[in-house]
Amino acid sequence: AETVMFSQPLVVYRESKALQVIRHLERNPAKGRCIRNLAITDYEDQEVMKTLLRLAFTPGIERLTGNVVLDIFSSSTRLSVIYATMVEIAEKSSIKYDRLKAIPETFMLNDVYGKALLTFKETLETVHLRLFNHDDTQNVLHRFGEFKRLEVLHVEEADFGSVEQLDAVLKGCHHLKDLYL
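This is a predicted model, so every value here is computed, not measured.

### Some words on the pairing of strand β2 (residues 37-41)
- Counting buried positions along β2 gives 4 out of 5 residues, so the element sits mostly inside the fold.
- Pairing between strand β1 (residues 10-12) and β2: 3 bridges, direction parallel. Looking at β2, one finds that Val12 is bridged to Ile40.
- Chirality of the crossover, the property in question, places the unit of β1, helix α2 (residues 15-27) and β2 among those that are right-handed.

Here is the structure:
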């Protein structure tokens, strides 16, 4: 029953549910490899987030999505834990994360989110950016040509100034099917 449960899209938006999933995966860590689609949120207890990701974020995962509901008044430290943990796990893994198509979007773009995007640039198909502070995105914004499978790009709060500037950002995005500005 656990194998079937973990092979279905798994939505873990409450911390109490995250703790239940953690208990199941700690009893049988191999079940973490069954998870292909996981939706999470930013839990109040960051250790719960780290533990869940360490058990469920495996090289076989295809979609890690969810509600990172922090707003511009929230702590960017909490937000960064999700992305920093994902990057740390992937960098330490001897197996490449070559199936990941989406990561949780956020309302607050920061360097850690940018690093996560670049870490998984070979496989991400969907990217969401909110450009409140254009400087924070420079390391990602002009590197979309390196995203080999990028099909859907959402860029909010962007002021490109001209079609030429937008064209420069999208140069090399040969697989792009949907662009939302």
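### What to know about the side chain of Thr123
- On the secondary structure map, Thr123 appears in the loop between α5 (111-119) and β5 (126-130).
- Thr123 gets classed as buried once you look at its relative accessible area, which sits at 3%.
- With residues up to four places along the chain from it excluded, the contact list for Thr123 reads Tyr97, Asp98, Arg99, Leu100, Lys101 and Arg149.

### Details of the pattern of salt bridges
- A full pass over the atoms with the stated rule returns 7 salt bridges.
- The shortest N-O distance in the salt bridge between Glu146 and Lys121 comes to 2.5 Å. Residue Glu146 is found in the loop between α6 (134-141) and β6 (152-156), and its partner Lys121 is found in the loop between α5 and β5; the two are separated by 25 residues along the sequence.
- In this structure Glu146 comes out as partly exposed when scored by relative accessible area, which is 26%.
- Measuring nitrogen to oxygen at the nearest pair gives 3.0 Å for the salt bridge that ties Glu146 to Arg143.
- Residues joined by salt bridges that share partners form a network here, namely Arg54, Glu88 and Lys92.

Rules of the game
Residues numbered from 1 in each chain as written. Predicted model: local features only at pLDDT ≥ 70, side-chain atom pairs only at ≥ 80, totals over all residues. Heavy atoms only, no water. Buried < 20%, exposed > 50% of the residue type's maximum accessible area, 1.4 Å probe, protein only. Helix = DSSP H or I, 4+ residues; strand = E, 2+ residues; numbered from the N terminus. Pairing = 2+ DSSP bridges. Right-handed = clockwise from strand over helix to strand, strands pointing away. Contact = heavy atoms within 4.5 Å. Salt bridge = Lys/Arg side-chain N within 4 Å of Asp/Glu carboxyl O.

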